[in-house]
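Understanding the architecture of this molecule
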Amino acid sequence: MSDDHNGPLLGGCLCGAVRYEIGVEPKTTAHCYCKDCRKASGTGHCTHVVVQEEGFSISGEVAAYDRPADSGNVVRRHFCPKCGSAIYSMNSGMTGPVFVRASSLDDPNAVTPRASVYASRAPKWDPIDPSLPAFAEMPTQAEREAMTAKG
Ligand SMILES: [Zn+2]
Ligand SMILES: [Zn+2]
């Protein structure tokens, strides 16, 4: 991984009631254009910073909303109950990773997106970055590993 930053990544919600710290190097960062991310984001897509759970520490109350994904797994989206800002999500089918919203970072440029997923569902007014690998749906495990290996 080659995201350039020094020390932990800090972030939080709009009102400041929820704060978090990412103390590990993110595994990757990716844009997701699925319908659920669009609906939950307030714009065309979500950008997720994928981090191991043990490297993520959060303070303040969060509310959660559970919704089944295409895979049948349940995605739990966590947000600030006071200001509504999206903070992170977790997937019942994957133990370990936390999907932190890049939008909630204090310095959004501390991460570099590596790919776009569910690209086929992007709205016309939210064009996909042509410089990144784009997957029409969710990439397979093999595709994911090939991408991670490239760094
Ligand atoms: Zn808040
Ligand atoms: Zn999504």
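Structure: above.
Attention here is on the structure that accompanies the text. Along each chain, numbering runs from 1 in the same order as the chain's sequence is written. Written order decides the labels, with chains lettered from A and ligands numbered from 1. Reporting of local features is limited, given that this is a predicted model, to residues whose pLDDT is at least 70; pairs of side-chain atoms are given and counted only at 80 or more, and all residues count toward the totals for whole chains, interfaces and linings.

**Considerations on the overall build of the chain**
On a plain count of helices and strands, the chain comes out with two helices and ten strands. Start at the N end of the chain and walk to the C end: the helices and strands fall as β-β-β-α-β-β-β-β-β-β-β-α. For the chain, whose C-alpha radius of gyration is 15 Å, the value lies close to the compact-globule estimate of 15 Å for 151 residues. For the chain, the spread of C-alpha atoms along the principal axes amounts to about 35 × 30 × 30 Å. When each of the 151 residues of the chain is scored for burial, the buried share is 32%. In the chain, once contacts between residues fewer than 6 apart in sequence are set aside, the share between residues at least 24 apart is 52%. Numbering of helices and strands runs from the N terminus, with a helix taken as a DSSP run of H or I at least four residues long and a strand as a DSSP run of E at least two residues long. For the radius of gyration, the atom set is restricted to C-alpha positions; the globular benchmark scales as 2.2 Å times the number of residues to the power 0.38. Burial is judged by counting other C-beta atoms within 10 Å of a residue's own C-beta: 20 or more means buried, 12 or fewer means exposed, and anything between counts as partly exposed, with every C-beta placed from the backbone. Remark: residues whose backbone-derived C-beta atoms lie within 7 Å of one another are considered to be in contact.

**Things to note about the sheet that holds strand 1 (residues 9-12)**
Whether two strands pair depends on DSSP finding at least two bridges between them. With respect to topology, three strands assemble into an open sheet ordered 1-2-5, the strand pairing being antiparallel. Pairing within the sheet leaves two strands with one partner each, and these edge strands are strand 1 and strand 5 (56-59). Each strand axis lies, on average, 15° off the axis of its neighbour in the sheet, ignoring direction. Bridge analysis of strand 1 against strand 2 (residues 19-22) gives four bridges, and the strand direction is antiparallel. The partner of glycine 11 across the bridge, within strand 2, is tyrosine 20. Lines fitted to the C-alpha atoms define the axes, with helices restricted to the stretch that makes contact. Angles between their N-to-C directions range from 0 to 180 degrees.

**With respect to the pairing of strand 6 (residues 63-68)**
Both faces of the sheet carry side chains from a regular strand, because those side chains alternate between them. Burial within strand 6 is sparse, with just zero of its six residues counted as buried. Sheet analysis places strand 6 next to strand 7 (residues 74-79), joined by six bridges and oriented antiparallel. Note on strand 7: the bridge partner recorded for tyrosine 65 is arginine 77. Adjacent in sequence and paired antiparallel, strand 6 and strand 7 are bridged by five residues, among which glycine 72 carries a positive phi angle near 95°.

**Re the sheet that holds strand 3 (residues 28-32)**
Sheet architecture is open: seven strands sit in the order 6-7-8-9-4-3-10, paired in mixed fashion. Only two strands of the sheet have a single neighbouring strand rather than two, namely strand 6 and strand 10 (115-117). Adjacent strand axes in the sheet meet at a mean angle of 30° when their direction is disregarded. Pairing of strand 4 (residues 46-52) with strand 9 (residues 97-101), which is carried by five bridges, proceeds in the antiparallel orientation.

**Digging into the nonpolar core**
Within the largest apolar cluster, 20 residues are counted, with the highest numbers of intra-cluster contacts made by Ile87, Val98 and Val100. A per-element tally of this core places strand 8 (residues 86-91) first, with four residues. The residues contacting valine 100, other than those within four sequence positions of it, are Ile22, His48, Val49, Val51, Phe56 and Tyr88. Ala30, Cys32, Cys37 and Cys46 belong to the second largest nonpolar core, which has ten residues in total. We define a nonpolar core as a collection of buried residues of the types Ala, Val, Leu, Ile, Met, Phe, Trp, Tyr and Cys that are connected via C-beta atoms lying within 7 Å of each other.

**Some details on the pairing of strand 8**
Across the six residues of strand 8, five count as buried, placing the element largely inside the fold. Looking at chain direction, strand 7 and strand 8 are connected through five bridges and run antiparallel. When the bridges of strand 8 are listed, arginine 76 appears paired with methionine 90. Pairing of strand 8 with strand 9, which is carried by two bridges, proceeds in the antiparallel orientation. Counterpart to tyrosine 88 in the pairing with strand 9 is valine 100.

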